[in-house]
Each structure stands twice: as structure tokens, then as C-alpha cells.
Amino acid sequence: MALFTPQQRQTALWTGIGILLVVILLLLGPILTPFIAGSILAYALNPIVDWLRAQHFGNFRMPRLIAVIIVMMLLFALVTAFALIMIPMLIREWPMLYEQIPAFIAKVNNRLSPILNEFGIQIPADNASIKRILTEQFVPKGDGVWKSLIASAKFGGTAVLTWAWNLILIPVVLFYLLKDWHIMMRKLRDMIPRRWVTKAVNFSHEVNGMLAQYLRGQLLVMVILSIYYSIALALAGYNVALPVGIMTGMLAFIPYLGICFGLALAITATLLQFSGMEAWITLGIIYGFGYSFDGLLMTPKLVGDRIQLHPLIVIFALLAFGQLFGFVGILLALPSSAILSVAYKHLRSYYFNSNFYKH
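Treat the numbers as computed from the prediction; the structure is a model and nothing was measured. (Residues numbered from 1 in each chain as written. Predicted model: local features only at pLDDT ≥ 70, side-chain atom pairs only at ≥ 80, totals over all residues. Heavy atoms only, no water.)

Engineer: Describe the overall build of the chain, listing the residues and the values that go with them.
Structural biologist: When helices and strands are counted, the chain shows 13 helices and 2 strands. Split into buried and exposed, the 359 residues of the chain put 29% on the buried side. Sequence-distant contacts in the chain: of pairs separated by 6 or more residues, those separated by 24 or more amount to 69%. Only carbon and sulfur atoms are counted for the fraction: they give 73% of the accessible area of the chain, which is about 23900 Å². (Helix = DSSP H or I, 4+ residues; strand = E, 2+ residues; numbered from the N terminus. Buried < 20%, exposed > 50% of the residue type's maximum accessible area, 1.4 Å probe, protein only. Contact = heavy atoms within 4.5 Å. Areas by Shrake-Rupley, 256 points an atom, 1.4 Å probe, with all protein chains shown as cover.)

Structure, rendered in C-alpha cells:
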């Protein structure tokens with residue numbers, strides 16, 4: 001009598017092949033970034049392409065290729081507009097930052113030195129030394145900027161080339177995924193064993209509905225935060241309230257990094273425009289309230305509730321995925337948790353209906 005039936009041997013074989021493919025994908029992790037990014041964008045943009053295809057202009061129905069090109073052009077225009085808002089601001093403020101930071105550090109040094117001296121902590125650098133270090137090493141000016149850029153490019157040349165390659169490859173991946181999205185989805189569905197296909201399709205529909213809720217909730221959070229930070233900074237008298245507020249809000253989809261980058265821009269603007277302590281207190285209140293409001297109420301309610309995740313699960317997912325997978329893990333924490341929550345619901349139902357639980 002055979003130890004395993006033919007069906008069990010087939011199951012073991014294909015399970016082993018599946019595990020091998022997963023291991024290969026993990027080993028290829030460093031080169032998968034543009035494909036993962038392109039897949040996420042394709043998933044988010046495919047409904048727009050489908051909507052354009054569904055529109056009828058008289059007897060003309062838009063070909064999918066034209067719809068894909070239009071969507072990608074709109075995406076490119078949006079990214080370009082975002083860059084045109086931020087880059088001129090950074091270029092305009094760089095010379096001002098060069099002049100203001102040494103003076104600011106010197107002022108802080110003058111105030112902190114007497115306090116630190118009382119505790120026996122000596123700061124050997126004087127104001128002139130601080131200014132020289134900052135201006136020559138950290139804030140280069142004139143030809144020093146280009147020298148620093150060239151030195152950085154030489155030191156991290158591989159990283160620069162990798163980023164450049166990814167930026168080129170992501171639109172290419174996105175184009176082909178959008179063009180052949182339904183063909184690839186059909187081929188994936190056809191590869192599922194026939195006895196599992198109904199459950200797999202129902203599972204994918206549940207995941208798709210939950211991820212759609214996540215995207216809508218996240219977009220709403222970004223819009224609300226952009227409006228809040230722009231208005232709050234404008235009322236506080238910041239000349240760059242609009243770009244800094246929009247940047248802070250739009251980057252809210254990246255937990256932690258978005259608020260840190262937006263706060264860094266606001267601190268830079270404060271250095272350039274204000275001199276009193278009141279400005280720093282106001283900045284702390286604006287960003288402290290915004291961060292607390294987002295982290296404790298908006299993201300858990302508008303995003304967590306839409307994907308049916310408890311606020312504690314949302315916080316744990318961000319920390320856990322960030323710890324396990326770094327920056328990419330933080331980006332994928334909530335949508336991945338949504339998928340896992342659907343899988344957990346099915347597993348829980350299977351467990352409660354199993355003989356192991358009932359007997």
C-alpha cells in the first residue's frame with residue numbers, strides 16, 4: 001500500500017515549487033522595488049483606466065492603450081506639478097538657509113553653554129568654529145556645493161545609479177501592467193487549482209473591496225491634513241505655508257517619514273523667517289496637534305475603520321512591518337494588514353467549523 005496517494009504527492013510537489021518561488025523572490029528582493037512600486041500604482045490606477053474605457057463618445061469607445069497613456073500623462077503632470085511647487089522653494093531658500101543656520105546655532109550655543117557649564121559639561125567650540133564647520137562641511141556654498149555633490153556621487157555612486165534606474169523602470173513596469181492588467185489577472189486566476197478557484201476569487205474580491213476602502217480613507221486623510229497644515233501655517237504668518245502644508249499632508253501616506261519631512265521643512269522656514277521663541281512654540285503646537293490628531297483619531301478612524309482594523313492593530317502593524325521590512329514595510333503595513341485580516345477571518349471561520357474545535 002502506497003504511503004501517499006497520487007493527489008497528495010502532487011500537492012507536496014506543487015507546494016515545494018511554491019516555497020522555492022517564494023525563496024527566489026526573497027533572494028531577488030533588492031531588484032524587486034520598481035516592480036512592487038509599479039504593481040501598487042497599477043492596482044490604484046487600473047480603475048481609472050477601466051472607467052475611461054467604459055465611457056462612450058458617440059460610436060467611439062476608447063482603446064485601452066489610449067486610456068493607459070492618458071492616465072500616465074495625468075500622473076506625470078501631477079508629479080511634475082508637485083516638483084514645481086517644492087523645488088523652486090528649496091532653491092530660493094537655500095542661500096537664506098546658508099546665512100541663517102550658523103547664526104542660529106551660535107545663538108543656541110550662547111544660551112546652552114552657561115547651563116551646560118553648571119553641570120560640568122564644556123563645549124570647546126566657539127561661535128567662529130561652529131560657523132566654519134557648518135559653512136565648510138555641512139552647508140557648502142558656491143563651488144563647495146558642486147564639490148560636495150561630486151564627492152557624494154563618487155562615494156554612493158551605486159546607490160545613485162540604483163535610484164536612477166528605479167525611477168526609469170517604474171513607469172515602464174506601470175505601463176505594461178496597466179495595458180495588460182486584465183490579461184495577467186485572468187492568467188493568474190487560470191493557474192489556481194480548480195477546486196480552490198471559487199474560494200480564491202471570493203477572497204480576492206473581499207481583499208479588493210477592503211483595499212479600495214483603505215485607499216479612499218488614506219486619500220481623505222491626506223486632503224484633510226494638507227488643508228489643516230496649510231491654513232495653520234498661513235495663520236501663523238509663514239510665507240511658504242501652502243507648499244509646506246501640502247507636502248506634509250501629501251506625505252502622510254508614509255507613516256512617520258511624512259511628518260518628519262514636513263516638520264523639517266517647517267523648521268527650515270522658521271529659521272529663515274522668524275527669530276523669537278514664540279514662533280517655535282507656535283510651530284510645536286501646530287505640528288504636535290496635527291500629529292496627535294492624525295495618529296490617534298484620523299488614521300485609526302478614517303483608515304483603520306474602513307479596513308476594519310482596531311486602532312491598536314493599526315499602530316502595531318506600522319511598528320511590526322517597519323521592524324521586519326524597513327521603509328518598504330512601513331509603506332505596505334496597512335494594506336498588507338487588510339489582506340491578512342481577510343485571511344484571518346476565513347481561517348477563524350474554518351477553525352470554528354473544524355472537528356478540532358467542536359470535539
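Engineer: Can you lay out the nonpolar core for me, pointing to particular residues and giving the numbers?
Structural biologist: Formed by 23 residues in total, the largest nonpolar core has its most connected members in Leu233, Val244 and Tyr287. Broken down by secondary-structure element, the contributors of at least two residues to this core are α8 (197-235), α9 (241-250), α10 (257-273) and α11 (277-304). Element by element, the count of residues in this core is highest for α8, at 6 residues. Not counting the four nearest positions on each side in its chain, Leu233 is found in contact with Tyr238, Ala241, Val244, Gly245, Leu283, Ile286 and Tyr287. Counting 15 residues, the second-largest nonpolar core is a separate cluster that includes Ala42, Leu52, Met72 and Val173. (Core = buried A, V, L, I, M, F, W, Y, C linked by side-chain atoms within 4.5 Å.)

Engineer: Any chance you could break down the packing of aromatic side chains for me, citing the residues and the numbers?
Structural biologist: According to the stated counting rule, one finds 6 aromatic pairs in the structure shown. Both rings, one in Tyr228 and one in Tyr229, keep their centres 5.0 Å apart while their planes meet at 65°; by these two values the pair is edge-to-face. Here a set of aromatic residues connected by ring pairs shows up, and it is made of Tyr228, Tyr229, Tyr287, Phe289 and Phe293. We note Arg195 situated over the ring of Trp196; from NZ or CZ to the ring centre the distance is 4.8 Å. (Phe/Tyr/Trp six-rings, centres within 6.5 Å; stacked < 30°, edge-to-face > 60°. Lys NZ or Arg CZ within 6 Å of the ring centre and 35° of its normal.)

Engineer: Can you tell me about a nonpolar patch on the surface, naming the residues and giving the values?
Structural biologist: On the surface, Leu13, Trp14, Ile17, Leu20, Leu21, Ile24, Leu28 and Ile31 cluster together into a nonpolar patch covering about 760 Å² of accessible area. Structurally, Trp14 is set in helix α1 (residues 6-27). Trp14 sits in the exposed class, given a relative accessible area of 54%. (Patch = residues over 30% accessible without salt bridge, like charges linked within 9 Å, V, L, I, M, F, W, Y side chains within 5 Å. Salt bridge = Lys/Arg side-chain N within 4 Å of Asp/Glu carboxyl O.)

Engineer: I'd like to hear about the pattern of salt bridges, residue by residue, with values.
Structural biologist: As enumerated under the stated definition, the model contains 3 salt bridges in all. Among the salt bridges present, the one from Asp50 reaches Arg64, with a minimum N-O distance of 2.9 Å. Here Asp50 is found in helix α2 (residues 33-54), whereas its partner Arg64 is found in helix α3 (residues 64-118), with 14 residues between them in sequence. Using a relative accessible area of 14% as the deciding quantity, one classes Arg64 as buried.

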